[in-house]
Amino acid sequence: MPDLYRVAIVGSGPAGLSAAAHAAALGMTHVLLEKTDHLSDTIFKYQKGKHVMATPSNLVLRSDLDFDAGKREFILDTWNRQIEEGKVNVRFDAEVVEIAGSIGAFEIKLKNGDTVQAESVVMSIGTQGNPNMLRCPGSDHKMIQYQLDDPGEYVDEHITVIGSGDAGIENALGLAADEAQRNIVSILNRNAEFARAKAANVALLEEAEANGRIFVRRETNPAEVKDGELVLETRDGTETIPCDRIIARTGSQAPRKFVESCGIDFTSEDRAAFPQLTPSFETTQAGVHVIGALAGYPLIKHCMNQGYDVIEFLNGNLDLKPADEPILAEKFAALPGTRSVEEWLEVFNKNIVILEELSPLQMRELMLDSDVRHYGMGDVIFVRNDPGSSMFAIAEGSVEVEVNPDDASITVPIEQGTIFGEVGLISGRKRGATIKAAEPTTVIELSRGAALKLIATVPAAGRAVNRITIERQLLQMFGSGLNKDDVAELVEAAELVDVPSGKTVIEEGADDKDIYVIQRGSMIVEKDIGGKPVFLSYLPAGSYFGEMAVIDGSARTATVKAAIKAQVVRFPGEVFTALMERKPQLRERTMEDMASRREVNEFIEGQKDSFSGAVDMYSQTAQFLVDNGLGEATDVLLIDEKLCVGCDNCEKACADSHEGLSRLDREAGRTYAHLHVPTSCRHCEHPHCMADCPPNAIKRGPDGEVFIDETCIGCGNCQRNCPYGVIRMDAKPPKKPSLLSWLLFGAGPGPGEASYDWRSKKSAKEGATQPKTAIKCDMCAGIKGGPACVRACPTGAAIRVAPEKFLTFTKLVEGAD
Amino acid sequence: MASKAQSKSARKGNFAFNEKRRNTDHSSFLTHKGFLWMWIALILSGASIYGYMTIEVEPRHNGGSWFGYTLGTIGALLILWLTMLGVRKRRMSAGHWSLKAWTSAHVYLGLALVVVGTLHTGFQFGWNIHTLAYGLMLFVIVSGIYGITVYASLPRALSNNRNEMTRGEMVEALAALDRQLESAAQPLARANSDRVIAALKADVFSAGFTARLTGAYPLCATSRAFAAFSKGANDEAQERVLTLLERRKDQLGQIRRQMRLKALLEVWLFIHIPTTIALIAALTAHIVSVFYYW
Ligand SMILES: Cc1cc2nc3c(=O)[nH]c(=O)nc-3n(C[C@H](O)[C@H](O)[C@H](O)COP(=O)(O)OP(=O)(O)OC[C@H]3O[C@@H](n4cnc5c(N)ncnc54)[C@H](O)[C@@H]3O)c2cc1C
Ligand code: HEM
Ligand code: SF4
Ligand code: SF4
Ligand code: SF4
């Protein structure tokens, strides 16, 4: 063993393994340091038998190790074998805790005190991080574990779960699920409430508690772990309970701190930021490289390719073309001229303001998630009111915006280098105007994911996008009489404010004079009538409020508060007043809006005198719907239980029009005054489910639907991230016999979702078990006639509506017959 | 795979249609489109009655006159179309149709059949296949009227009784109580624990037809055990069993009310559908015989 390795590779995930295998193949002296006692811990921890997918399918694999879609076990076996055969030098149980020194002479400290010397380092530790340890004596006791693979494994044990998040609750429920295991399960919560967990999980836990299946101990902390015992610190003093096993689920520490302690800078403060990298994956600490999920590439294939590439770079092969070159070449093929991929990337980098600061590596990554298009003069790029959540940047040429819906000849130019379409991106809603190419023009269309990543990781890009968004939103909202220069002062004075859910922005009776525009999220307007807050109206993203006080100088006439976590832009009232004085059209326009809002408010106040019950009902129902996620929904399924006969035809129709699996659970969910919000996708304005999807398989479609495409790898992240529990993980079922043969001969399970039994038996017989992937409602987009669930309801109980259309007095009270 | 993904994102949506849909009002099958089908049914009935009164047929109105044939044809076609609801309900094809609209039309046109069919007979009844077909038709219609009565009146009760619980949760809640009862019954004396065991053993879901429809379970072992214990629960163990039995009784009550309401909402279809099949058979015989003897 040499004293000084040419390269030390930290972490043996697909990225680190592939790097080590290539180093071994090239005869480079190397060591692969792995924290656990096995290779590739993230994949090791997948569910048993999980079908691992090899996306993107058009990317070639460049690695000394084999990888193709298949079972977790097969992939791990293959790698174990190949690592052994390839004479890779692996050191297990070697958690790296510090990297000191500099290029040519790094000193890598391990947890057990050993050190390893290397000329260069490749960090491929993934993003899992370390689970938070218990902070009490005995926290290194061997009966503590940080993960639960198979709850069915334990019998006759006293098990304590520590942690009040979803993971902890789900583990506790799993352990207590089967009475026959006779486990005594307790869960500890430091606080009185389970505030961080999903409502559905909390409900299940409370039910299990009521049924005596789980002991829930609130306001309780572990005080000491001893053999077979756990000492608790409760509100009324200490208590000792028998304990054979502790499952600690108190979250994990992202690896960022550790990475930064090695001298590596990130691109920004944002949680979504990644380390700054050169095209050869080198960090701001010369000689230290970062690859794989930690570098922002969560797919196994990318990880493996980068492992190979980084070793090639270290070996001096700096001309190596990245493996994604052919994919980019294909993307750019339709563009005019004969520029190479590299030349195009340079053009984009140089011409587009918000991309200026990107490194070539970031440019490539961005382009993989984006599209490039060329338009001839006069070609339409998008049309007003089209839904759209992508953002465009003009690489060459310019476009014009049709600002007046009634007169296509009135246009405003947008020049080369800037962006457009950003409002759709920010508010996740409709395009505000039609845009055409003013000359032959090349544009980049950044997918929502790519654009948000850009904003998060490049602060300057974020600021630029924000400024333009505010400016355009103002122009769009207040009509065609204004231009860029008119609103410049307002834009300058604008201030972006984050508003947590439920927080008041404007208080009734106050005499502040600012005016607000909702950039994301939504607001509800309430008025105190007879000592009770009465719901007046609902304001979706893209609307403004606070104008009344500005115009007539009165005190605030109603309270406006966030229906969900929101972001608003605040403009000082004086600046707005000044602008109105200069621009009478603006005053007129605002007065009109104000008058119609007043009318609604007065109507409801008037009703309150004569039909107090109806107004209370309206107010409470609206509040109930907002509490159940309508505030961020764009399209939500509701069931009027005054009409629902419980035939479940809605679920059956959903299954029959979607590969045999229902995407809605009619009975689950909350009900108020016979209005029921079943478990079905709300097509959120800013879908939580999209946040963390490795292949970016969750998209927004042309009808505004949020859907999951075929590239889903079944990791389950979206299921965990959706606060409404509407995503299920299941395998595509085998085909059913036709309706006719069921009607006539009773063949097969009949209409609707086949039982789990039927599905698994049939697919076992056909010998074609499908991988489990994420499935959810796609709003029946692409199906003529629209949502099957709604069309299949015989009584009209099931409807799918937009909140801003439904949360009105007429719909909620008068429409309900 | 990639090409399929692309075809989906490149798919041209129909956003305007969806925006309109998202603005839908909520109306039931009875009030659908401002009672459109009720008006159509009334016009059809009115026209039939008007024709019957004004058109002279010799020697008298009957099924065999040209007017009778017209009414008969309309009636037969209507019956066939009404029957198609059973297929429509189960075939989830694409298209701008809704089962609500179909049900709305079904109900009102089905009622119009009373007029059309009766006038078709010319009030000539006898012990024959023709009157059998007529009788079956009326029977189907009467069962349909029962159907809309329960559709209009029971859903609220179903919703209230469910109280945000799903079927699965109700069953699970009962199973959890059973587990607690089982261990709570351990310290009891033989006679008492037998009562509890009897309550636990009874299969909740194998209720008979009448029990299901009436919701009355006179032999309920849980109620009996509860009654026995409430006479004199004199130690802590018995108190605990008594409370659990009461909770089990309540939980059973919820499940049974749910089964009853569902049964009331469905039972009529077990008359409506088979009678429809009998009606189609009788109707065929009626038509064949008419043409045969023609
Ligand atoms: C449930 C699930 C399913 C998924 N399914 C798929 C799929 O089907 N297809 C796909 O392409 N992707 C899938 N992914 C994503 C993919 O697994 C990860 O993005 C990928 O494993 C990342 O690889 P990596 O090499 O960067 O890091 P990891 O695989 O996370 O490996 C990091 C390794 O470093 C070790 N380590 C960490 N810290 C230290 C330290 N300080 N010292 C030493 N060693 C350390 C860890 O123990 C681990 O072995 C899935 C992810 C999840 C969670
Ligand atoms: C001769 C006349 C009629 C025939 C042949 C007929 C036939 C049918 C058939 C075949 C079904 C489908 C049942 C199923 O598959 O679940 C049905 C459903 C129904 N019928 Fe009729 N029907 C007739 C008249 C009526 C009338 C007069 C009414 C009401 C006044 C009525 C009310 C209903 C209702 C409410 C349903 C249930 C719809 C649903 O839940 O999907 N029917 N009928
Ligand atoms: S899956 Fe969940 S998070 Fe995603 S859009 Fe639907 S409701 Fe929102
Ligand atoms: S809209 Fe379509 S996919 Fe969504 S729940 Fe209804 S039937 Fe299912
Ligand atoms: S189809 Fe309509 S009536 Fe039937 S269960 Fe669904 S919502 Fe209720």
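**Student:** Describe the overall build of chain A, naming the residues involved and giving the relevant values.
**Tutor:** A count of helical and extended segments in chain A gives 25 helices and 43 strands. Taking the principal axes of the C-alpha coordinates as reference, chain A spans close to 85 × 70 × 70 Å. By the burial criterion, 55% of the 817 residues in chain A qualify as buried. Taking the intrachain contacts of chain A between residues at least 6 apart in sequence as the baseline, contacts between residues at least 24 apart amount to 69%. The centroid of the 87 positive side-chain charges in chain A is displaced by 3 Å from the centroid of its 120 negative side-chain charges.

**Student:** How would you sum up the pairing of strand S37 (residues 665-672) of chain A? Please name residues and give values.
**Tutor:** One ladder, built from five bridges, connects S37(A) with strand S38 (residues 675-679) of chain A; its direction is antiparallel. The residue of S38(A) that forms the bridge with A:Gly669 is A:Pro678.

**Student:** Just give me the short version of the sheet that holds strand S31 (residues 523-529) of chain A, but keep the residues and values in it.
**Tutor:** Residue and element names in this part refer to chain A. One open sheet holds the four strands; their spatial order is S29-S34-S31-S32, and the pairing between them is antiparallel. In the strand order of this sheet, the two ends are held by strand S29 (504-506) and strand S32 (532-539), each with one partner. Sheet twist, expressed as the mean angle between neighbouring strand axes with direction ignored, is 35°. When S31 meets S32, the two strands line up antiparallel, connected through seven bridges. Paired with glutamate 526 across the strands is phenylalanine 535, a residue of S32.

**Student:** Could you give an account of the site of ligand 3, naming the residues involved and the relevant values?
**Tutor:** Residues in contact with ligand 3 amount to 13 residues; listed here are only the nearest, A:Cys681, A:Cys684, A:Cys689, A:Cys722 and A:Lys776. Among the residues forming the shell around ligand 3, the class breakdown is nine nonpolar, two polar and two charged.

**Student:** Tell me about the coordination of the iron atom of ligand 2, and please be specific about residues and values.
**Tutor:** Residues and elements named next belong to chain B. Around the iron atom of ligand 2, the protein contributes the donor atoms His106 (NE2) and His272 (NE2), at 2.0 Å from the metal centre. With six donor atoms in place around the iron atom of ligand 2 and angles of 84 to 178° between them, the coordination shape is octahedral. Pair noted here: histidine 106 is in helix H6 (residues 99-121) and histidine 272 is in helix H14 (residues 269-292), with a separation of 166 residues, a long-range link.

**Student:** Provide a residue-level description of the pairing of strand S2 (residues 30-33) of chain A, including the pertinent values.
**Tutor:** Residues and elements named next belong to chain A. With burial as the criterion, each face of S2 is covered, one bearing His30 and Leu32 and the other bearing Val31 and Leu33. In the sheet, strand S1 (residues 4-10) pairs with S2 via four bridges, with the strands oriented parallel. Its bridge partner lying in S2, valine 7 is registered against histidine 30. Regarding topology, helix H1 (residues 14-26) serves as the crossover connection from S1 to the parallel S2, and that connection is right-handed. Across two bridges, the pairing between S2 and strand S5 (residues 90-91) is parallel. When the sheet's bridge partners are listed, leucine 32 is paired in S5 with valine 90.

**Student:** Give me the lowdown on the domain arrangement of chain A, citing residues and values where you can.
**Tutor:** All names here are of chain A. Considered domain by domain, chain A is made up of domain 1 (4-129 + 254-314), domain 2 (144-253), domain 3 (325-477), domain 4 (490-623) and domain 5 (625-814). Each of domain 1 and domain 3 has a C-alpha centre, and the two are 35 Å apart. Listed per partner, the contact involves 15 residues of domain 1 and eleven residues of domain 3. Between domain 1 and domain 3 the total buried area reaches about 1,000 Å² when both faces are included, carbon and sulfur atoms providing 65% of it. Among the residues domain 1 hides against domain 3, the three largest losses belong to Thr267, Pro279 and Tyr297. Together they make up 38% of the total. The interface formed by domain 1 and domain 3 contains zero salt bridges. Summed over the shared surface of domain 1 and domain 3, the number is zero residue pairs in polar contact (both at pLDDT 80 or more).

**Student:** Which residues make up the confidence of the model for chain B, and what values do they have?
**Tutor:** Residue and element names in this part refer to chain B. Confidence along chain B averages 88 in pLDDT terms, with 95% of residues attaining 70 or more. Across chain B, element-level confidence peaks in H6 with a mean pLDDT of 97 and bottoms out in helix H1 (residues 2-10) with 37. Of the regions scoring below 50 in pLDDT, residues 1-10 engages in seven contacts with residues more than four places distant in sequence or in other chains. Both scores are given for the predicted complex: the pTM is 0.85, the ipTM 0.91.

**Student:** Summarise the interface of chain A and chain B; cite the residues concerned and give the values.
**Tutor:** Where interface size is given, it is often the accessible area lost as the parts come together that is meant. Every contact between the two is made by 69 residues of chain A and, on the other side, 55 residues of chain B. Carbon and sulfur atoms make up 53% of the surface buried where chain A meets chain B, a total of about 5,500 Å² over both sides. Of all residues in chain A, A:Glu667, A:Glu710 and A:Arg791 give up the largest surface area on contact with chain B, accounting jointly for 13% of the area buried on that side. Taken together, the links from chain A to chain B amount to seven salt bridges. When the shortest N-O distance is used, the salt bridge between A:Asp648 and B:Arg167 registers 2.8 Å. The tally of links between chain A and chain B comes to 26 residue pairs in polar contact (both at pLDDT 80 or more). If you list the elements that add at least two residues to the side of chain A that touches chain B, you get helix H5 (199-210), helix H19 (649-656), S37, helix H21 (739-745), helix H23 (788-791), strand S43 (798-801) and helix H24 (803-806) of chain A. The element contributing the most residues to the side of chain A that touches chain B is S37(A), with six residues.

**Student:** Residues and numbers for the packing of helix H3 (residues 32-54) of chain B against helix H4 (residues 66-83) of chain B, please.
**Tutor:** Residue and element names in this part refer to chain B. Packing of H3 against H4 brings their axes to within 11 Å, and their N-to-C directions diverge by 160°. In this view, H3 runs roughly antiparallel relative to H4, as classed from their interaxial angle. Along this stretch, H3 crosses H4, giving a crossing that reads as left-handed. Within the contact between the two elements, H3 uses Leu44, Ser48, Gly51 and Tyr52 and H4 uses Phe67, Leu71, Ile74 and Leu78. Taken together, the residues of the contact of H3 with H4 break down into six nonpolar, two polar and no charged.

**Student:** Can you lay out the site of ligand 4 for me, pointing to particular residues and giving the numbers?
**Tutor:** If you check the shell around ligand 4, you find A:Cys654, A:His658, A:Leu664, A:Ser680, A:Cys777, A:Asp778, A:Met779, A:Cys780, A:Pro787, A:Ala788, A:Cys789 and A:Arg800 and nothing else. Grouping the amino acids of the shell around ligand 4 by side-chain chemistry returns eight nonpolar, two polar and two charged.

**Student:** Give me the lowdown on empty space enclosed by the protein, citing residues and values where you can.
**Tutor:** Residues and elements named next belong to chain A. What the rule picks out here adds up to seven cavities of 30 Å³ or more. Within this model, the largest cavity holds a volume of roughly 250 Å³. Lining the largest cavity we find 19 residues, and of these Phe274, Gln362, Glu365, Lys453 and Thr457 sit closest to its centre. Of all the elements in the fold, those that place two or more residues in the lining of the largest cavity are helix H10 (360-368) and helix H12 (448-457). The residue inventory of the lining of the largest cavity, partitioned by class, reads eleven nonpolar, five polar and three charged. Each of two domains, domain 1 (4-129 + 254-314) and domain 3 (325-477), supplies a minimum of three residues to the lining of the largest cavity.

**Student:** Could you give an account of the sheet that holds S38(A), naming the residues involved and the relevant values?
**Tutor:** Residues and elements named next belong to chain A. Here four strands make up an open sheet; going across it, the order is S37-S38-S36-S43 and the pairing antiparallel. What marks the edges here is a single partner per strand, and that holds for S37 and S43. Within the sheet, the average angular offset between the axes of one strand and its neighbour, ignoring direction, is 40°. Relative to S43, strand S36 (residues 636-640) runs antiparallel, the two being bridged by four bridges. Across the sheet, the residue bridging to leucine 637 is arginine 800, located in S43.

**Student:** Quick one: what's the story with the packing of aromatic side chains, residue by residue and with numbers?
**Tutor:** In total, this model carries 19 aromatic pairs over all chains according to the counting rule given. Centre to centre, the rings of A:Phe392 and A:Phe420 are 5.1 Å apart; their planes meet at 5°, and the pair counts as stacked. Highlighted residues: A:Phe392 in strand S22 (residues 391-396) and A:Phe420 in strand S25 (residues 419-420), separated in sequence by 28 residues. Measuring from ring centre to ring centre gives 5.6 Å for A:Phe535 and A:Tyr618, while their planes differ by 85°; the resulting arrangement is edge-to-face. A residue pair is termed long-range when its members are at least 10 positions apart, and A:Phe535 in strand S32 and A:Tyr618 in helix H18 (residues 612-627) qualify at 83 residues. The pair formed by A:Phe535 and A:Tyr618 is uniform in burial state, with each residue classed as buried. Positioned above the aromatic ring of B:Trp97, the side-chain terminus of A:Arg791 is 5.2 Å from the ring centre. Between the NZ or CZ atom of B:Arg88 and the centre of the ring of B:Trp97, over which it lies, the distance is 3.6 Å.

**Student:** Which residues make up the nonpolar core, and what values do they have?
**Tutor:** Membership of the largest hydrophobic core comes to 60 residues, with the highest contact counts inside it found for A:Trp79, A:Ile108 and A:Met123. Other than its neighbours up to four places away in sequence, A:Trp79 contacts A:Pro14, A:Leu17, A:Ser40, A:Ile43, A:Leu65, A:Asp66, A:Phe67, A:Ile300 and A:Met304.

**Student:** Describe in detail the pattern of salt bridges, supporting the description with residues and values.
**Tutor:** Evaluated as defined, the whole model comprises 58 salt bridges over all chains. Salt-bridge contacts for A:Lys109 lead to A:Glu98; the nearest nitrogen and oxygen are separated by 3.7 Å. In this pair, A:Lys109 is assigned in strand S7 (residues 105-110) and A:Glu98 in strand S6 (residues 96-102), connecting sequence segments eleven residues apart. A salt bridge links A:Lys532 to A:Asp616; its shortest N-O distance comes to 3.3 Å. With A:Lys532 in strand S32 and A:Asp616 in helix H18, this pair connects stretches of sequence that are 84 residues apart. When its relative accessible area of 39% is taken as the criterion, A:Lys532 is described as partly exposed. Ionic contacts of the salt-bridge type, sharing partners, join the residues A:Asp635, A:Arg800, A:Lys805, B:Glu19, B:Arg21 and B:Arg22 into one network.

Quick notes on the rules
- Residues numbered from 1 in each chain as written.
- Chains lettered and ligands numbered in written order.
- Predicted model: local features only at pLDDT ≥ 70, side-chain atom pairs only at ≥ 80, totals over all residues.
- Heavy atoms only, no water.
- Helix = DSSP H or I, 4+ residues; strand = E, 2+ residues; numbered from the N terminus.
- Buried < 20%, exposed > 50% of the residue type's maximum accessible area, 1.4 Å probe, protein only.
- Contact = heavy atoms within 4.5 Å.
- Lys, Arg positive; Asp, Glu negative; His and termini not counted.
- Charge placed at Lys NZ, Arg CZ, Asp CG, Glu CD.
- Pairing = 2+ DSSP bridges.
- Axes fitted to C-alpha atoms, helices over the stretch in contact; angles between N-to-C directions.
- Near = heavy atom within 4 Å.
- Nonpolar A, V, L, I, M, F, W, Y, C, P; charged D, E, K, R; others polar.
- Donors = N, O, S within 2.8 Å, 3.2 Å for Na, K, Ca; no water.
- Tetrahedral: all angles 85-135°; square planar, octahedral: opposite > 155°, others 65-115°.
- Right-handed = clockwise from strand over helix to strand, strands pointing away.
- Domains from an automatic or database assignment.
- Buried area = accessible area lost by both parts, 1.4 Å probe.
- Salt bridge = Lys/Arg side-chain N within 4 Å of Asp/Glu carboxyl O.
- Polar contact = N/O pair within 3.5 Å; in protein donor to acceptor, adjacent residues only side chain to side chain.
- pLDDT = per-residue confidence, 0-100.
- Parallel < 35°, antiparallel > 145°, perpendicular 65-115°, else oblique.
- Left-handed = near helix turned anticlockwise from the far one by under 90°.
- 1 Å grid on protein atoms, 1.4 Å probe; cavity = no way out; pocket = protein on both sides within 12 Å on 5 of 7 lines; lining within 4 Å.
- Points joined across faces, edges and corners; volume = space filled by probe spheres on them.
- Phe/Tyr/Trp six-rings, centres within 6.5 Å; stacked < 30°, edge-to-face > 60°.
- Lys NZ or Arg CZ within 6 Å of the ring centre and 35° of its normal.
- Core = buried A, V, L, I, M, F, W, Y, C linked by side-chain atoms within 4.5 Å.

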